[in-house]
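Given next are the chains, with one letter for each unit.
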Amino acid sequence: MTYIITTPLYYVNDKPHLGSVYTTLICDSIARYNRLMGKEVIFITGVDEHGLKIQRTASQKGIPPDQHCDEISSIFYKNWKQWNISFSSFIRTSSINHKKIVYEFYNRVKKTGDIYIGIQKGWYCVGCEEFKDNPDNSPETLCPIHRKKLEYKNEENLFFRLSKYQKQIENIVNKEGFIEPKERRNEIISFVKKGLKDFSISRTNLTWGIPVPDKSDHTFYVWFDALLGYVSALSLNEDDPSLTKSISSGWPASLHLIGKDILRFHAIYWPAMLLSAGMAPPTKIIGHGFLTREGQKMGKSLGNVLDPDLLLEKYGEDAVRWFLLKDILLGSDGDFQHKRFVDIVNNDLANTIGNLLNRTTSMSCKWFNKSVPDISNNKEVILSELSKKMIKEYINYFNNNQLDLASNLVLNYAIKINLYLNENEPWSLIKNDESIDEVKIIIYNVLESIRIIGLLLNPLLPNLSNKIDNQLGKLYKKDQPWINQLEWGLTPEGNELPSPIPIITKLEYE
Ligand code: MSP
C-alpha cells in the first residue's frame, strides 16, 4: 500500500521561515522511516499561491502576482533541496494541472447539490485567510495569531453545505487516531458538536485565484483551491490530470502533518469536501505546535522569524534537525533558544555520539591494524539484548510518529554504550597482553552498537548517519532491507576502517 504524507502547502507571501522548515523536517523524517520500512512513499509538499494575502504582497512589491509567486516558489523548492528534504512531489497551486483538478472537483461537488449562492458577512483575517469571531463588532479587533486588524466583508459568495455532513464528520473526528495529539482532537470534537455551519468557497473582489467557471466575478476561496493541491499532486505529471488518476495513484493521504492553526480546515472542511465529491477522507491528521522564539509565535507577519538559511549555513543540517526533532515534543509548542540549541548539539551529537564513534574507531585502528577486531574465537554478545530491546521500542515510537521519543531513545542508548566503554577501560586492559581477547570483544561490541545507532539515526539525521557509516567502513547496504540490517552482529570482523575524523564539530556560543 502506498504511504502518502503531506506538508501543508506554504503561502508564498515570503520565503520559508523556521516554522515551515520544522513542519517539513518532521514530514521528511516520517517519510524516510516509512521508506526504510519498505513502504512505497509519496511525500507531497508545495506552495499555496493564490488569495488576497499573496495578491497584496505582490502589489506591495509592485510586481505581478505570477512573477512574485515564481520567485518565492523557486526559493521554497531550492530551500527544501538544501535541507535535503526527500519529497517526491512539489505542487504549485498556480499550475495548470492543479486548476483542472479544482474544476473537476468543483463540478462533482456541485452535482451532489452541495453548492449554493448566498451572502457572506463577517470579519476576515487576511493573514489566516479565514473569517473570525469578533463579538464586539469592532474594526479595532486584532487577529490573535497575526495581530493584524480584521476586515469586514459583505459580499455574494458561493457556499458549501458543510452542515449536511454533520453526522459523518462527527463519526470521522471521533475515530481513534484520526486527529493527534489528544488535546487537539478534543478541541475539534467539541467544535463539531456545536454544529457545523456552511462556509463560503468563492470570493468577489479577488483577482488572483482560480476563476469559478460558471460564475463570473467569482474566484475560488484560497482554501477550496489549496486543499486540492494534495490531490492534484498525485496527477502532477499527467498530461490529462483527473481525480480518477489521483485516486488510482494512492489517494487518500495517509497523513497530513500541519500546524495547529489550520487543523479545522484539514479535519473538518476537507473531509466533508471529499465526501461530497465521492472521495475518501485522509487517514490521519497531526496538528503540531508552534515554534516560538522567546515565547512568541514565529511568523512572517510578526517579523520575528529566525532565518533558516543562516542556521543551515552556520550550523548545518544535522544540528538543526536534531534540535527540532529531538527537543520538541511533537504536538506541543517549542521555544528556540540559542543556548539550549548549542548545548544540545554539543552534548548529544558531538560529545555523546560523535566522541563515542571517534574514540572507538581510533582505538580499533591503533590496536587492530586499522580494522574491526576479530572475535571469531569468542562470540560473546554482550550488548545485543540491550540493542534488541531498544530497537523494538524505537520502532514502536516511530510507528506512532513520536520522533522526540525515538531520538531520545537512541541518545540514551549511546549514553549507555559510553558508560560501558568507560567501565571496561579497554585502554587499561590493552597494556596487558593476556587481556587482548577481552579488549577485542569490548571494541567489537561498541563498534556494533555504533553501527546500530547510525542506522537508527538514518530517518532523523540522514547526513550524520551517512557519516557514521563511512567511519565504520561503509556497512549499510541501501539495496537491502534496512530493518534486517538492525540485526545484531553484522559488522564483519576484520573490516577495514578509514582514518578516524570527527563527524560533528562543536558549536560555539555567541
Ligand atoms: N497555505 C496554508 C496551508 C494550506 S494547506 C492546503 C498555510 N500556509 S502557511 O505558510 O501560513 O503555514 C503553513 C504551516 O506552517 C502551517 O501548518 C502553520 O501552522 C505552520 N507554521 C507557521 N508558523 C509556524 C511556527 N511559528 N511554528 C511552527 N509552525 C508554523 O497555512
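Residues numbered from 1 in each chain as written. Predicted model: local features only at pLDDT ≥ 70, side-chain atom pairs only at ≥ 80, totals over all residues. Heavy atoms only, no water.

A. Quick look at the side chain of D404. Of note, D404 is situated in helix α14 (residues 403-424). The residues contacting D404, other than those within four sequence positions of it, are L325, K326, I328, L329 and L330. (Helix = DSSP H or I, 4+ residues; strand = E, 2+ residues; numbered from the N terminus. Contact = heavy atoms within 4.5 Å.)

B. Geometry of the pattern of salt bridges. Considering all chains together, one arrives at 23 salt bridges under this definition. We note a salt bridge from K284 to E180, for which the minimum N-O separation is 2.8 Å. Placement of the pair is K284 in the loop between α10 (263-276) and β12 (285-288) and E180 in strand β7 (residues 179-180), with a sequence separation of 104 residues. Note on K284: relative accessible area 18%, which makes it buried. (Salt bridge = Lys/Arg side-chain N within 4 Å of Asp/Glu carboxyl O. Buried < 20%, exposed > 50% of the residue type's maximum accessible area, 1.4 Å probe, protein only.)

C. Main features of the pairing of strand β6 (residues 151-160). Note that strand β4 (residues 115-125) and β6 share 10 bridges and pair antiparallel. Counterpart to I119 in the pairing with β6 is E156. Bridge analysis of β6 against strand β8 (residues 199-200) gives two bridges, and the strand direction is antiparallel. Bridge assignment links F159 to a residue of β8, and that residue is S200. (Pairing = 2+ DSSP bridges.)

D. How the structure looks around empty space enclosed by the protein. As enumerated under the stated definition, the model contains one cavity of 30 Å³ or more in all. A volume near 40 Å³ is recorded for the largest cavity. Elements with a contribution of two residues or more to the lining of the largest cavity: α1 (18-36), α11 (308-327) and α14. Each residue belonging to the lining of the largest cavity can be placed in one class, and the counts come to seven nonpolar, no polar and one charged. (1 Å grid on protein atoms, 1.4 Å probe; cavity = no way out; pocket = protein on both sides within 12 Å on 5 of 7 lines; lining within 4 Å. Points joined across faces, edges and corners; volume = space filled by probe spheres on them. Nonpolar A, V, L, I, M, F, W, Y, C, P; charged D, E, K, R; others polar.)

E. Focus on the domain arrangement of the protein. Along its sequence, the protein is organised into domain 1 (2-289) and domain 2 (338-486). Listed per partner, the contact involves 12 residues of domain 1 and 14 residues of domain 2. Buried surface at the junction of domain 1 and domain 2, summed over both partners, amounts to about 1,100 Å²; 67% is from carbon and sulfur atoms. Of all residues in domain 1, the largest losses of buried area upon contact with domain 2 belong to S29, Y33 and L36, amounting jointly to 55% of the total for that side. Summed over the shared surface of domain 1 and domain 2, the result is zero salt bridges. In this assembly, domain 1 and domain 2 are joined by two residue pairs in polar contact (both at pLDDT 80 or more). With six residues, α1 is the largest single contributor of residues to the side of domain 1 that touches domain 2. Its residues assigned to classes, the side of domain 1 that touches domain 2 comprises seven nonpolar, two polar and three charged. (Domains from an automatic or database assignment. Buried area = accessible area lost by both parts, 1.4 Å probe. Polar contact = N/O pair within 3.5 Å; in protein donor to acceptor, adjacent residues only side chain to side chain.)

F. Molecular detail of the sheet that holds β6. An order of β5-β4-β6-β8 is seen for the four strands of this open sheet, with the pairing classed as antiparallel. Lying at the two open borders of the sheet, with one neighbouring strand each, are β5 (130-132) and β8.

G. Just unusual backbone geometry, in detail. The peptide bond linking E180 to P181 adopts the cis configuration, its omega dihedral lying at -5°. Inspection of the secondary structure assignment puts P181 in the loop between β7 and α6 (182-193). In the segment running from W251 into P252, the intervening peptide bond is cis, with an omega of 15°. Relative to the elements of secondary structure, P252 occurs in the loop between α9 (243-248) and β11 (255-259). Here the phi dihedral of R147 falls at roughly 55°; this positive angle occurs in a residue that is not glycine. Its location among the elements puts R147 in the loop between β5 and β6. The backbone of N369 sits at a positive phi, close to 55°, despite the residue not being glycine. Considering the arrangement of structural elements, one finds N369 in the loop between α12 (338-367) and α13 (384-399).

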